[in-house]
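# Close look at the chain arrangement
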Amino acid sequence: MEEVETQVRSSLEAGDPRTAMTIAISAYGPELLGFLKALHRRPIDAQEVFGEACMDMWRGIGGFDGRSTFRAWAYAITRNAHHRYLGRYLRRARQHTGSSALAALPARVRTETAPWRKTENKDRLERLRQTLEPDEQMLLVLRLDRGMSWSEIGEVLGGGAAEPALQSRRAATARKRFERLRARLKQLALQEGLISSRD
C-alpha cells in the first residue's frame, strides 16, 4: 500500500486530483465497500453509502493535507457517509412507523440471520456481533477484518487527522475500547456456550 500512497501524493502534488482519486479508489475501493458491507446487511445500502463516500472524497480531496495516509482519510470519509445514511434511515423510519415499532426494529434485525448463510455457531456469533452498537461493530471491522493500526483506527473513529498528541490519545482510546469490547464479547460467548471457560 505504500506504493499507492506515494502515487496518490505525487498526483496531488502535480495538481492532478482525478488521477489521485482513480489510483486511490482502484486500490482502496474494494476494501471500503467490504467495510460497508460488514456494517450494512443489505448490499444495496452498502453500495449507496460507498457511492456517497466516493463523491465526498472527490469533493474533499483538495483538503487532504497528507498528515495521514490516504487510506485512513478515506475510511474516515466513508465512516461519516455511513453515519449520515443511518441518520436519514432513522428519520424516514420515524415518519413511516410509530416509535414503538421503530424501537423494536433494530432488535429484530439484530437477531435475524438467513439460515442458509451460516452454520449454527457462526450464526450465533453473528447474532452476538449484531447486538453491538454501530461504532463497536465498526471498531471490530477496522481492527479484525481490516487489520488497521491503532493510529489509523483512532483517525477513522475520531473523524480525521489530528496533531500527534491528539492522534496518540485517539489511538490509546480506541485500543482501550477494543479491550473492553473483547472482554464483553468473551463473556457473552461464554454465556451462549460458544466457548468454554478454558478458552
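Quick note: structure is the one above.
Below is a summary of the structure that appears in this document. (Residues numbered from 1 in each chain as written. Predicted model: local features only at pLDDT ≥ 70, side-chain atom pairs only at ≥ 80, totals over all residues. Heavy atoms only, no water.)

Two numbers describe how helix H8 (residues 150–158) lies on helix H9 (residues 164–192): the axes approach to 7 Å, and their chain directions differ by 95 degrees. When the axis of H8 is compared with that of H9, the two are roughly perpendicular. Contacts between H8 and H9 pair Trp 150, Ser 151, Ile 153, Gly 154, Glu 155, Leu 157 and Gly 158 from the former with Gln 167, Arg 170, Ala 171, Ala 174, Arg 175, Arg 177 and Phe 178 from the latter. (Axes fitted to C-alpha atoms, helices over the stretch in contact; angles between N-to-C directions. Helix = DSSP H or I, 4+ residues; strand = E, 2+ residues; numbered from the N terminus. Parallel < 35°, antiparallel > 145°, perpendicular 65-115°, else oblique. Contact = heavy atoms within 4.5 Å.)

Applying the stated rule across the entire model yields 10 salt bridges. Between Asp 45 and Arg 42 there is a salt bridge whose closest N-O contact spans 2.9 Å. The exposure class assigned to Asp 45 is buried, which follows from its relative accessible area of 11%. One salt bridge in this structure joins Glu 163 and Arg 67, with 3.2 Å as the shortest N-O distance. Placement of Glu 163 in the loop between H8 and H9 and of Arg 67 in the loop between helix H3 (43–60) and helix H4 (70–96) is noted, with a sequence separation of 96 residues between them. Connected through shared salt-bridge partners, Glu 52, Asp 56, Arg 59 and Arg 84 make up one network. (Salt bridge = Lys/Arg side-chain N within 4 Å of Asp/Glu carboxyl O. Buried < 20%, exposed > 50% of the residue type's maximum accessible area, 1.4 Å probe, protein only.)

Let us now look at H3. The terminal C-alpha atoms of H3 lie 25 Å apart, and with 18 residues this matches the ideal 26 Å at 1.5 Å per residue to within 8%. Among all positions in H3, only Asp 45, Ala 46, Val 49, Phe 50, Glu 52, Ala 53, Cys 54, Asp 56 and Met 57 are buried. (Expected span 1.5 Å × (residues − 1).)

A separate point is the nonpolar core. Phe 35, Met 57, Phe 70, Leu 142 and Ile 153 are the most contacted members of the largest nonpolar core, which totals 43 residues. Going through the elements one at a time, helix H1 (2–13), helix H2 (17–39), H3, H4, helix H7 (134–145), H8 and H9 are the ones with two or more residues in this core. In this view, Phe 35 contacts Tyr 75, Thr 78, Met 138, Val 141, Leu 142 and Arg 146; residues no more than four positions away in its chain are not counted. (Core = buried A, V, L, I, M, F, W, Y, C linked by side-chain atoms within 4.5 Å.)

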